[in-house]
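# Observations on the three-dimensional arrangement
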Amino acid sequence: MLKNKPIKRNLSPFKVGSVFNTFKKTIGENSLKFRSISLEYPSRLNAMAMDPSKIDIDESFRYTPGEVVFSISLFRKVTVSKRNDSQIVISELSKRPTLIRHAALLMKKALKFKEGFNLSIENAQEIRHCGFGSSSSLIASVACAINEAYGNPIKGNDLIKYLAQNHGEEIDGEDFYLNPVQCIGGSAAAGICKAGLILLAGESSPIAEMKIDDSYKVVIGIPTDVEDLDSNILMEKEIKALPKFILTGKKHGKTIAYNILHKMIPAMTEGDLKIIGDIIYDYRFNMGSINNCSFVYKKLPKLCKELSFIKKDNLAEVLSISSVGPAIFAITKKPCICKNIFESKGLKIYVFNINNNGYKILKKIKNV
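For the structure given in this document, a descriptive report is provided here. (Residues numbered from 1 in each chain as written. Predicted model: local features only at pLDDT ≥ 70, side-chain atom pairs only at ≥ 80, totals over all residues. Heavy atoms only, no water.)

### As for the sheet that holds strand β12 (residues 217–223)
- Taking strand neighbours across the sheet as the criterion, the four strands line up as β13-β14-β12-β15 in an open arrangement whose pairing is antiparallel. Each of the sheet's edge strands pairs with one partner strand only, and the pair in question is β13 (318–321) and β15 (347–353). Recorded for the sheet is a direction-independent mean angle of 20 degrees between the axes of neighbouring strands.
- Of the pairings in the sheet, the one linking β12 to strand β14 (residues 328–332) comprises five bridges and is antiparallel in character. For Ile-220, the partnering residue across the bridge sits in β14 and is Phe-329.
- Most of the contacts of helix α6 (residues 273–286) go to β13, to which it runs at about 30 degrees, and overall it touches β13 and β14.
- In the packing of helix α8 (residues 300–307) onto the sheet, contacts are made with β12, β13, β14 and β15, and the angle to β14 comes to roughly 20 degrees. (Pairing = 2+ DSSP bridges. Helix = DSSP H or I, 4+ residues; strand = E, 2+ residues; numbered from the N terminus. Axes fitted to C-alpha atoms, helices over the stretch in contact; angles between N-to-C directions. Contact = heavy atoms within 4.5 Å.)

This is the structure:
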């Protein structure tokens, strides 16, 4: 469990490695169990929020909108190796080193370790600011590797909260500061929980999980004319759109909560992905969610309307945007049909499997 550090925050950038929410119970110093760890870490798709009004800016860094998350086989490989000094050294080939350093420093403060590490992340297929949670997933992957190196002293649910409640995203051209950006915990949950579908409620707490049959594929389409904007610009755009999110939450919050509790969770116990997809579709397409998210990509509402028949004609069990987009995804047993439809709209296509197993340890070398 976490307690809030009594620091008031605004939207000003903060130093890499800053901790705003820590643990109620002291973890104490931990001995290194493995001098080298390599793991493969999945990505997440955020299908919907449970209460979008709770995504409004909060100085506490504690966000409680909840989310419905799918874990997918868009992997990055992380290798953590002990050094003979106390330095944190990131390989030159690793993209987004500011976020990698932030993750390492968060774990150093949590575990109070004195060792230095070489960090190498193979993330050539990094898809930034499109709805894959690439920033939070990168941070979570490094944090999980370091936690593994010390024998996992931080429990999974506590680590999900810790990372979500100390999240930031890089500023182009800036190596030492991050922007405070809302984080719900889906990326950490997608790697820590061993399920293809995860529900998070309250303060990033996993409340339900479901494994999804391997016969399903995830087809993702991204518009080719989307700008790769800096987190500063994206946050400015989102702040202007926040009143719409709050209105949707107040208007539909009770219906969404009822649908999650009385329809989605029972459907998860029965493995009924269609009902789960119906609830997601209702939220995205009928409650204003896609319009709310169009600050990222203005053509999103029109594009989604043109693709809505994929769900209506039962070509896919799930059709949604991920997070605020612009990525649009279908979870389907008819990937070729969905792929062709996406391509007809000029979208760049990715096809992935559902990941039901969390992150995967590739290699461990004991510390002697």
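Now that the structure has been shown, we can carry on.
### Description of the nonpolar core
- Ranked by size, the top nonpolar core spans 53 residues in total, and within it Leu-119, Ile-146 and Leu-163 carry the most contacts.
- When residues in this core are grouped by element, the largest group, nine residues, is from helix α2 (residues 134–149).
- Apart from residues lying up to four places away in sequence, Leu-163 is in contact with Leu-106, Ile-139, Ala-140, Ala-143 and Ala-188.
- Core analysis: the next-biggest nonpolar cluster, separate from the first, contains 40 residues, Leu-45, Ile-72, Ala-201 and Ile-280 among them. (Core = buried A, V, L, I, M, F, W, Y, C linked by side-chain atoms within 4.5 Å. Buried < 20%, exposed > 50% of the residue type's maximum accessible area, 1.4 Å probe, protein only.)

### Focus on the packing of aromatic side chains
- What the rule picks out here adds up to 12 aromatic pairs.
- Ring geometry for Phe-14 against Phe-20: centres 5.1 Å apart, planes inclined by 85 degrees, an arrangement best described as edge-to-face. One exposure class covers both Phe-14 and Phe-20, and it is buried.
- Between Phe-113 and Phe-117, the ring centres sit 5.4 Å apart and the planes meet at 85 degrees, which makes this aromatic pair edge-to-face.
- For Phe-113, a relative accessible area of 3% translates into the label buried.
- Chaining the aromatic ring pairs together yields one cluster made of Phe-14, Phe-20 and Phe-61. (Phe/Tyr/Trp six-rings, centres within 6.5 Å; stacked < 30°, edge-to-face > 60°.)

### Focus on the sheet that holds strand β2 (residues 14–15)
- An order of β2-β9-β8 is seen for the three strands of this open sheet, with the pairing classed as antiparallel. Both edges of this open sheet fall to β2 and β8 (168–170), since each of them pairs with a single strand only.
- For β8 and strand β9 (residues 177–180), the ladder comprises three bridges, and the chain directions are antiparallel. The residue of β9 that forms the bridge with Glu-169 is Asn-179.

### Re the environment of Lys-360
- Tracing the backbone through its elements, the reader meets Lys-360 in strand β16 (residues 360–366).
- Spatially, the C-alpha atom of Lys-360 lies 9.8 Å from that of Phe-75, the residues being 285 residues apart in sequence.

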